[in-house]
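Spelled out from the first residue to the last, the chains are:
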Amino acid sequence: IRLEDSEHGKNRIVVCYKNGGDPNKDNPTGLFRNHNSHEAQFFGVAYDHVIDAKAVDDWVVSDPNHWAFKGTGMQEGDAVKKAIGAEYDIIFDDIKSGKSREILAESLVSKGPKQGHSYSCIITHESGAQVFTTGSLDWGYALDDFRKGWSRAYQIPVDPLAQQIASNVLKKLS
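The present account deals with the structure reproduced in this document. Predicted, not measured: the structure shown is a model, and the values here were computed from it. Residue indices begin from 1 for each chain and proceed along its sequence in written order. Local features are withheld for residues below a pLDDT of 70 in this predicted model, meaning they are given only at 70 or higher, and side-chain atom pairs are given and counted only at 80 or more; totals for whole chains, interfaces and linings count all residues. Just so you know, side-chain values use all the structure's heavy atoms and leave hydrogens and water out.

## Observations concerning the sheet that holds strand β8 (residues 116-124)
Two strands in a sheet stick together by hydrogen bonds in their backbones, pointing the same way (parallel) or opposite ways (antiparallel). Test applied: For two strands to count as paired, DSSP must find a minimum of two bridges between them. Secondary structure is summarised from DSSP: a helix means a run of H or I of at least four residues, a strand means a run of E of at least two, and numbering begins at the N terminus for each. Only C-alpha atoms enter the line fits that serve as axes; for helices the fit covers just the stretch in contact. Angles between N-to-C directions range over 0 to 180 degrees.
Pairing in this open sheet of three strands is antiparallel, and the strands run β7-β8-β9 from one edge to the other. Only two strands of the sheet have a single partner each, and these edge strands are β7 (100-109) and β9 (130-133). Within this sheet the neighbouring strands show an average axis-to-axis angle of 20 degrees, counted without direction. Two elements, β7 and β8, share nine bridges in a ladder whose sense is antiparallel. Within β8, the position partnered with serine 100 by the bridge is threonine 124.

Below, the structure is given as structure tokens:
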């Protein structure tokens, strides 16, 4: 992305030509993968699959002792129900991701034409900066019930444990 100015101030507009065609050839935007980089280097995981838009799977805890789960009482195998939806993230083994990667959840994606695993992780970079990824486009729907538009999202229940995880991450990383 790049930021551009608007009548409301400097750097107020986020610009991204995700599918190419950016007219700014000096500072083009687009997919990391199209700019000799890969998003997995920054996030630890990256988008790879779209499954059946109606399919949902559970987001399954794999490291319950991690600080992200403090106050949840969650154990290995516990889940945020239906939080893995149509788009999910995988680990690209051949791409180095930060200084360290801690896998928080590994979820079997069992529905739809492509099957595999979705991963949630925290990456620590050389600078000490950390990045949290849920591994699923739909995980955020478990945080509240304000869901305009997407009828599929209504089947994802609000989950107080997901809210606690989000709170822990925001407190620790802000």
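Still more to cover.
## Focus on unusual backbone geometry
The test is simple: Throughout, exposure labels follow a simple rule: accessible area from a 1.4 Å probe, protein chains only, divided by the maximum for the residue type, with under 20% read as buried, over 50% as exposed, and the rest as partly exposed.
Positioned with a positive phi, asparagine 11 is a non-glycine residue whose angle comes to about 55 degrees. For asparagine 11, the position within the fold is in strand β2 (residues 9-15). The partly exposed category is assigned to asparagine 11, whose relative accessible area is 39%. At lysine 82, a position not held by glycine, the phi torsion is positive, near 60 degrees. Relative to the helices and strands, lysine 82 resides in strand β5 (residues 79-84).

## A short note on a nonpolar patch on the surface
As a reminder of what qualifies: Residues form patches when they are more than 30% accessible in relative terms and have no salt bridge. Like charges link within 9 Å. Nonpolar side chains (Val, Leu, Ile, Met, Phe, Trp, Tyr) link within 5 Å. We get accessible surface area from the Shrake-Rupley algorithm with a probe of 1.4 Å; when it comes to residues, only the shown protein chains can shield them. Throughout this description, the term salt bridge denotes a Lys or Arg side-chain nitrogen within 4 Å of a carboxyl oxygen of Asp or Glu.
Residues Ile1, Leu3 and Val14 make up a contiguous nonpolar surface patch of roughly 320 Å² in combined accessible area. Checked against the element boundaries, isoleucine 1 lands in the segment before β1 (2-6).

## Some points on the packing of aromatic side chains
Here is the rule we go by: Between the rings of Phe, Tyr and Trp (Trp by its six-membered ring), a pair exists once the centres lie within 6.5 Å; its type follows the angle of the planes, with under 30 degrees stacked, over 60 edge-to-face, and the other angles tilted. Think of it as a cone above the ring: NZ of Lys or CZ of Arg counts as a charge over the ring if it is within 6 Å of the ring centre and within 35 degrees of the ring normal.
For the structure shown, the criterion picks out four aromatic pairs. Between phenylalanine 42 and phenylalanine 43 the ring centres are 4.7 Å apart and the planes differ by 85 degrees, which places this aromatic pair in the edge-to-face class. Since its relative accessible area comes to 28%, phenylalanine 43 is described here as partly exposed. Taking 6.1 Å as the distance between ring centres and 70 degrees as the angle between the ring planes, the aromatic pair formed by phenylalanine 132 and tryptophan 139 counts as edge-to-face. Residue tryptophan 139 is classed as buried on the basis of its relative accessible area of 3%. Ring pairs connect the aromatic residues Trp59, Phe69, Phe132 and Trp139, which therefore count as one cluster. Across from the ring centre of tryptophan 67, 5.4 Å away, lies the NZ or CZ of lysine 172, which sits over that ring.

## Details of the nonpolar core
Let me state the cut-off plainly: Buried Ala, Val, Leu, Ile, Met, Phe, Trp, Tyr and Cys residues form a nonpolar core when they are joined through side-chain atoms within 4.5 Å. Contact definition: two residues touch when any of their heavy atoms are within 4.5 Å.
In terms of nonpolar packing, the biggest core is built from 26 residues, with Trp59, Phe69, Val80, Trp139 and Ile165 touching the most fellow members. Elements with a minimum of two residues in this core: β5, β6 (87-90), β7 and α2 (160-173). Residues within four places of valine 80 in sequence aside, it is in contact with Asp58, Trp59, Met74, Trp139, Ala142, Asp159 and Ala162. Membership of the second largest hydrophobic core comes to five residues, among which are Val45, Ile91, Cys121 and Ile123.

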